[in-house]
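Listed here are the chains, written in short residue letters.
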Amino acid sequence: KLWENALKIMADNPVIGIGYGNYFTRHAETLRTNQIGPLYEFAWDRIEKVGTIESIFLSLAAETGVLGLTAFFSIIFSQFVVGRTVLRTATNQSGRTIVLSCLAAVFGFLVCGITVAHNIQYTPAILFFGLMMSSVVIIARDQDQSQHRS
């Protein structure tokens, strides 16, 4: 029923969502207004203790709308494109290993995110993706510079 609530919030605010990190402030109102699932029967204080959607994709869709979700997937897609390029052209085994590890970590994060939303606590998630993306880009840059020297 949490997913149903997230989809309702997204349907009400499809383009830009309700604001990054604002699900917690809007979910109780949406549950009661739309009488979604058995959660709307509980007292207000219990509903307000539920703070996640349990899916990073639905969380992003509800909070940032189609624009935010598109931006998120564009960043992920670009990371995999750069990573794939490095894996195909790299001659340095340690660089290939780091890139493959970064891509595997991001893939694992995304798979886990299908049913778990607490892993997108915003600052740690931004740091995680920043570290993984920067590692891939640095190795791609180093690979490109070493090819130009040769």
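All figures in this text were calculated on a predicted structure; none of them were measured in a lab.

1. Points about the packing of helix α1 (residues 2–12) against helix α4 (residues 56–89)
Their axes nearest at 8 Å, the elements α1 and α4 cross at an angle of 10°. Of the possible angle classes, the one that applies to α1 and α4 is roughly parallel. Seen from α1, the contacting residues are Trp-3, Ala-6, Leu-7, Ile-9 and Met-10; seen from α4, they are Leu-58, Ala-61, Ala-62 and Val-66. Partitioning the contact of α1 with α4 into residue classes produces nine nonpolar, no polar and no charged.

2. Topic: α4
For α4, spanning 34 residues, the distance from its first C-alpha to its last is only 33 Å, which falls clearly below the expected 50 Å at 1.5 Å a residue. The largest bend along α4 reaches roughly 125° and is located at Thr-64.

3. Remarks on the packing of aromatic side chains
Per the counting criterion, the structure on display carries two aromatic pairs. A centroid spacing of 5.7 Å and a plane angle of 10° characterise the contact between Phe-57 and Phe-73, whose relative ring orientation is stacked. The class of Phe-73 is partly exposed, set by a relative accessible area of 37%. The interplanar angle of 70° and the centroid separation of 5.4 Å between the aromatic rings of Phe-72 and Phe-73 together place this pair among those described as edge-to-face. Assessed through its relative accessible area of 12%, Phe-72 is described here as buried. Through a chain of ring-to-ring contacts, the aromatic side chains of Phe-57, Phe-72 and Phe-73 assemble into a single cluster.

4. A look at the pattern of salt bridges
Side chains that differ in sign of charge can pair as their charged atoms come close. Scanning the model with the defined rule gives one salt bridge in all. A salt bridge links Asp-12 to Lys-8, with the shortest nitrogen-to-oxygen separation between them at 3.2 Å. With Asp-12 and Lys-8 both in helix α1 and four residues apart, this pair spans about one turn of that helix.

5. Section: the confidence of the model for the protein chain
The predicted structure's coordinates, where accompanied by low pLDDT, should not be read in detail. Per-chain confidence: the protein chain averages 76 in pLDDT, with 73% of residues scoring 70 or above. Of all secondary-structure elements in the protein chain, the lowest mean pLDDT belongs to helix α3 (residues 44–47), at 55, while α4 reaches the highest, 87.

6. Thoughts on a nonpolar patch on the surface
On the surface, Trp-3, Phe-107, Val-111 and Ile-114 cluster together into a nonpolar patch covering about 390 Å² of accessible area. Tracing the backbone shows Ile-114 in the loop between α5 (93–112) and α6 (122–149). By relative accessible area, Ile-114 is classed as partly exposed at 42%.

7. Topic: α5
Helix length check: α5 (20 residues) gives 28 Å between terminal C-alpha atoms against 28 Å at 1.5 Å per residue, within 8%. Residues Gly-95, Val-99, Cys-102, Leu-103, Val-106, Phe-109 and Leu-110 constitute the buried set of α5. Projected down its long axis, α5 carries its buried residues within an arc of 120°, all on one side. Turned more than 90 degrees away from the buried face of α5 sit Gln-93, Leu-100 and Phe-107, all of them exposed.

8. With respect to the environment of Glu-4
Of note, Glu-4 is situated in helix α1. Classification of Glu-4 as partly exposed rests on a relative accessible area of 39%.

9. Things to note about the nonpolar core
In globular proteins that are soluble, nonpolar side chains generally tend to be buried together. Among the nonpolar cores identified, the biggest contains 20 residues, and Phe-72, Ile-76, Val-86, Val-99, Val-106, Leu-110 and Phe-129 are the most heavily contacted of them. Broken down by secondary-structure element, the contributors of at least two residues to this core are α4, α5 and α6. Per element, the largest residue contribution to this core is eight residues, and it comes from α4. Not counting the four nearest positions on each side in its chain, Phe-72 is found in contact with Phe-57, Leu-60, Leu-110 and Phe-129.

Quick notes on the rules
- Residues numbered from 1 in each chain as written.
- Predicted model: local features only at pLDDT ≥ 70, side-chain atom pairs only at ≥ 80, totals over all residues.
- Heavy atoms only, no water.
- Axes fitted to C-alpha atoms, helices over the stretch in contact; angles between N-to-C directions.
- Helix = DSSP H or I, 4+ residues; strand = E, 2+ residues; numbered from the N terminus.
- Parallel < 35°, antiparallel > 145°, perpendicular 65-115°, else oblique.
- Contact = heavy atoms within 4.5 Å.
- Nonpolar A, V, L, I, M, F, W, Y, C, P; charged D, E, K, R; others polar.
- Expected span 1.5 Å × (residues − 1).
- Bend = angle between axes of the 7 residues up to and from the residue.
- Phe/Tyr/Trp six-rings, centres within 6.5 Å; stacked < 30°, edge-to-face > 60°.
- Buried < 20%, exposed > 50% of the residue type's maximum accessible area, 1.4 Å probe, protein only.
- Salt bridge = Lys/Arg side-chain N within 4 Å of Asp/Glu carboxyl O.
- pLDDT = per-residue confidence, 0-100.
- Patch = residues over 30% accessible without salt bridge, like charges linked within 9 Å, V, L, I, M, F, W, Y side chains within 5 Å.
- Areas by Shrake-Rupley, 256 points an atom, 1.4 Å probe, with all protein chains shown as cover.
- Arc of directions from axis to C-beta.
- Core = buried A, V, L, I, M, F, W, Y, C linked by side-chain atoms within 4.5 Å.

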